[in-house]
Amino acid sequence: MIPNRPLSILFVCLGNICRSPLAEAILRHRLTETHMNANVYIDSAGTGDWHTGRSADGRSISVARRNGITLDSNARQVIPEDFHIFDYILAMDRQNQQDLEALKVLHGGKAIIKLFLEFDIADKSVLDVPDPYYGGTEGFQHLFQMLDKTCLLIINQLVDETMP
Ligand code: 4NP
């Protein structure tokens, strides 16, 4: 069960240790800063199960900390209930989106599946949040900036619209 809130958002990537937990932590932090945290239920998950139960990648934790944000979630895999519980499921890349669409066909549910970067309406050139897992630390700074910018756009477009 999730708390009864006006809006619920699940961020999804492949492993749930780099991109989606960072997006979850950033959005929660930005909503807390603007006193809107109580209105939105936020979580993250991975399409894969390799890292289930583990803390996020140290590089995501570090870049979050450098920017004053706490990242302390543990990885989990997407479950069928997610499609029934969440209003929006935001995929980090098109492969994640395709996998989620296939799962929704199997399990049903009301969740609207979108690409995370669809909210960056001014920049249509990039659709996928690059997977930083096999890259270096600098990829995580770029990742942070991309996620933070888009989380603000999500607040403007999704959260503000849904507020009671
Ligand atoms: P994420 O990154 O999907 O952003 O969490 C990855 C983490 C782990 C793996 C791939 C991507 N992996 O292959 O274990």
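Residues numbered from 1 in each chain as written. Predicted model: local features only at pLDDT ≥ 70, side-chain atom pairs only at ≥ 80, totals over all residues. Heavy atoms only, no water.

**Considering the sheet that holds strand β4 (residues 112-115)**
As a general point, the strands of a sheet are linked pairwise by backbone hydrogen bonds and lie either parallel or antiparallel. Short version of the rule: Strands are labelled as partners when DSSP assigns at least two bridges between them. Each helix corresponds to a stretch of at least 4 residues labelled H or I by DSSP, and each strand to a stretch of at least 2 residues labelled E; elements are numbered beginning at the N terminus. Geometry is summarised by axes, namely lines fitted to C-alpha atoms with helices restricted to the contacting stretch, and by angles between N-to-C directions that run from 0 to 180 degrees. It only takes one pair of heavy atoms within 4.5 Å for two residues to be counted as in contact.
Across the sheet, which stays open at both edges, the 4 strands sit in the order β2-β1-β3-β4 with parallel pairing between neighbours. In this open sheet, the two edge strands, each paired with only one partner strand, are β2 (40-46) and β4. Recorded for the sheet is a direction-independent mean angle of 25 degrees between the axes of neighbouring strands. Judged from the 7 bridges that link them, strand β1 (residues 7-13) and β2 form a sheet pairing that is parallel. The partner of V12 across the bridge, within β2, is A45. Each of β1, β3 (88-91) and β4 is contacted by helix α4 (residues 94-107), which is oriented at about 170 degrees to β4, the strand it contacts most. Against the sheet, helix α5 (residues 138-162) makes contact with β1, β2 and β3, and its axis sits at roughly 150 degrees relative to β1, the strand it touches most.

**Topic: the side chain of D57**
Note the cut-off: With a 1.4 Å probe rolled over the protein chains alone, any residue whose accessible area is under 20% of its type maximum counts as buried; one over 50% counts as exposed, and the rest are partly exposed. Contacts described as polar in this section are N or O atom pairs within 3.5 Å, which, within protein, must combine one atom able to donate a hydrogen with one able to accept it, while residues neighboring in sequence count only if both atoms come from side chains.
Mapped onto the elements, D57 comes out in the loop between β2 and α2 (58-66). Taking relative accessible area as the criterion, D57 reaches 12% and is therefore assigned buried. A distance of 2.8 Å separates a polar side-chain atom of D57 from the backbone nitrogen of R59. With residues up to four places along the chain from it excluded, the contact list for D57 reads I17, C18, Y133 and F140.

**Here we look at unusual backbone geometry**
We note that N16 has phi near 60 degrees; this positive angle belongs to a residue other than glycine. Its place among the elements puts N16 in the loop between β1 and α1 (19-33). Using a relative accessible area of 2% as the deciding quantity, one classes N16 as buried. Its identity is not glycine, yet H35 carries a phi of approximately 60 degrees, on the positive side. You can see H35 is positioned in the loop between α1 and β2. Given the relative accessible area of 74%, H35 is considered exposed.

**Let's talk about the site of the ligand**
Note the following rule: A single heavy atom is enough: if one lies within 4 Å of a molecule or strand, its residue is considered near that molecule or strand. Computed by Shrake-Rupley with a 1.4 Å probe, the accessible areas treat only the displayed protein chains as cover when residues are assessed. Amino acids are sorted into nonpolar (Ala, Val, Leu, Ile, Met, Phe, Trp, Tyr, Cys and Pro), charged (Asp, Glu, Lys and Arg) and polar (every other residue, Gly among them).
Neighbouring residues of the ligand: C13, L14, G15, N16, I17, C18, R19, H51, D131, Y133 and Y134. In this structure, an oxygen atom belonging to the ligand sits 2.8 Å away from a main-chain N or O atom of G15. Contact distances for the ligand include 3.2 Å between an oxygen atom and a side-chain N or O atom of D131. Taken by itself the ligand offers 350 Å² of open surface, and the protein chains cover 92% of this. A breakdown of the residues in the shell around the ligand according to their chemical character gives 6 nonpolar, 3 polar and 2 charged.

**Let's talk about the packing of α2 against α5**
Stated precisely, the cut-off is as follows: What sets the label is the angle itself: under 35 degrees gives roughly parallel, over 145 gives roughly antiparallel, 65 to 115 gives roughly perpendicular, and the rest give oblique. Working rule for handedness: look at the near helix, and if it is turned counterclockwise from the far one by less than a right angle, call the crossing left-handed; if clockwise, right-handed.
It is at 10 Å that the axes of α2 and α5 come closest, and there the two elements cross at 55 degrees. Comparing the axis directions of α2 and α5 gives the class oblique. Considering the relative orientation of α2 and α5, their crossing is right-handed. Along the contact surface, α2 presents R59, S60, V63, A64 and R66, while α5 presents F140, Q141, L143 and F144. Classifying every residue of the contact of α2 with α5 by side-chain character gives 5 nonpolar, 2 polar and 2 charged.

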